Amino acid sequence: RSIQVLDIDSCELSEVVPLGATEGDGCAPLSNAVQNPSFEEGASVNWVSNGVIYEGPGRLGDLSGQTQGNYYLEQTFDAVPVSELTEASWAMQFSTSCTISSIHWGYTDGTEGDYFWFAPSAEEWHVIDVLAEMDPTKSVNMVRVWGCSGGGEDIVDRDDFRFCY
């Protein structure tokens, strides 16, 4: 299997990246601020939603966190200075042509950053890295990724969250 990586600055696809196995939380030898980043402990462990969280098919492992419709997955974690992050990414896959997601991250001062992301295609895994969008003078302690509501099933899988530091 393979994925295409979307550059969030240019909104263009880059090279196809072969998928490989990851060790532990995907950040080794660094630490990952996100707990249960690949949903292998169960879709609702350490995650909350404004809808139902389903266990979907995983990108690299067995499971992903899945919602149907315009619902989010969110996790609050121990604060990490953005300046210490080396990556702030995850993978998403949409089941239909509704391929837009609103992405939010929370800072310890109570403010949030956000980004609207358009996937170039459905039924493929895409990796989104928002580190360049984050304020390097703040500390981050939350990530919230919305699904999409455009009719039909609108199933969105999310997997392999990496807030590496």
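Please read these numbers as outputs of a predicted model, since none were measured by experiment.

Asker: Mind laying out the side chain of Asn36, listing which residues take part and the relevant values?
Answerer: One can find Asn36 in the loop between β2 (12-18) and β3 (48-49). With a relative accessible area of 4%, Asn36 lands in the buried category. For Asn36, the side chain forms a polar contact with the main-chain nitrogen of Glu40, separated by 3.2 Å. The contact partners of Asn36, leaving out residues within four places of it in the chain, are Glu41, Gly42, Val45, Asn46 and Trp47.

Asker: Summarise the nonpolar core; cite the residues concerned and give the values.
Answerer: Judged by nonpolar contacts, the single largest core of 34 residues is most densely connected at Trp90, Met134 and Phe163. Going through the elements one at a time, β6 (72-81), β7 (87-94), β8 (100-107), β9 (112-118), β11 (139-146) and β12 (155-164) are the ones with two or more residues in this core. A per-element tally of this core places β7 first, with four residues.

Asker: So, the pairing of β6: which residues are in play, and what are the values?
Answerer: Sheet topology note: the β3/β6 ladder contains two bridges and is antiparallel. Of the residues in β6, the one forming a bridge with Val48 is Glu74. Taken together, the seven bridges between β6 and β11 define a ladder with antiparallel strand orientation. Bridging across to β11, Gln75 finds its partner in Val143.

Asker: Break down the pattern of salt bridges for me, with residues and values.
Answerer: As enumerated under the stated definition, the model contains four salt bridges in all. With a shortest N-O distance of 3.1 Å, Asp109 and Lys138 are connected by a salt bridge. Separated by 29 residues along the polypeptide, Asp109 in the loop between β8 and β9 and Lys138 in the loop between β10 (126-129) and β11 bring together distant segments of the chain. Salt bridges here are not isolated pairs; linked through shared partners, they connect Glu74, Glu112 and Arg144.

Asker: Quick rundown of the confidence of the model for the protein chain? Include the residues and the values.
Answerer: Per-residue pLDDT for the protein chain averages 83, and the proportion of residues at 70 or more is 81%. Mean pLDDT values over the elements of the protein chain span from 48, in β2, up to 96, in β6. A low-confidence stretch, residues 15-23 (pLDDT under 50), is modelled with 19 contacts involving residues beyond four sequence positions or located in other chains.

Asker: Can you tell me about the sheet that holds β6, naming the residues and giving the values?
Answerer: Strand order across the open sheet formed by five strands is β3-β6-β11-β8-β9, with antiparallel pairing between neighbours. Among the strands making up the open sheet, the edge pair consists of β3 and β9. The sheet contact formed by β8 and β11 spans five bridges and is antiparallel. Each bridged residue has a counterpart across the sheet, and for His104 the counterpart in β11 is Arg144.

Asker: Help me get a handle on the environment of Val34, residues and values and all.
Answerer: Along the chain, Val34 turns up in the loop between β2 and β3. Residues Val34 and Asn46, spaced twelve residues apart in sequence, show a C-alpha to C-alpha distance of 8.7 Å. Contact partners of Val34, with chain neighbours within four places excluded, come to Trp47, Gln75, Phe77, Phe161 and Phe163.

Asker: Quick one: what's the story with the packing of aromatic side chains, residue by residue and with numbers?
Answerer: Counted according to the given criterion, the structure contains eight aromatic pairs. Plain terms: the ring middles of Tyr72 and Trp146 are 4.9 Å apart, the flat faces sit at 70° to each other, and that makes the pair edge-to-face. Here Tyr72, found in strand β6, pairs with Trp146, found in strand β11; they are 74 residues apart in sequence, far enough to count as distant. With a centroid separation of 6.0 Å and an interplanar angle of 25°, the aromatic rings of Phe94 and Trp117 are classed as stacked.

Reading guide: rules and limits
- Residues numbered from 1 in each chain as written.
- Predicted model: local features only at pLDDT ≥ 70, side-chain atom pairs only at ≥ 80, totals over all residues.
- Heavy atoms only, no water.
- Helix = DSSP H or I, 4+ residues; strand = E, 2+ residues; numbered from the N terminus.
- Buried < 20%, exposed > 50% of the residue type's maximum accessible area, 1.4 Å probe, protein only.
- Polar contact = N/O pair within 3.5 Å; in protein donor to acceptor, adjacent residues only side chain to side chain.
- Contact = heavy atoms within 4.5 Å.
- Core = buried A, V, L, I, M, F, W, Y, C linked by side-chain atoms within 4.5 Å.
- Pairing = 2+ DSSP bridges.
- Salt bridge = Lys/Arg side-chain N within 4 Å of Asp/Glu carboxyl O.
- pLDDT = per-residue confidence, 0-100.
- Phe/Tyr/Trp six-rings, centres within 6.5 Å; stacked < 30°, edge-to-face > 60°.

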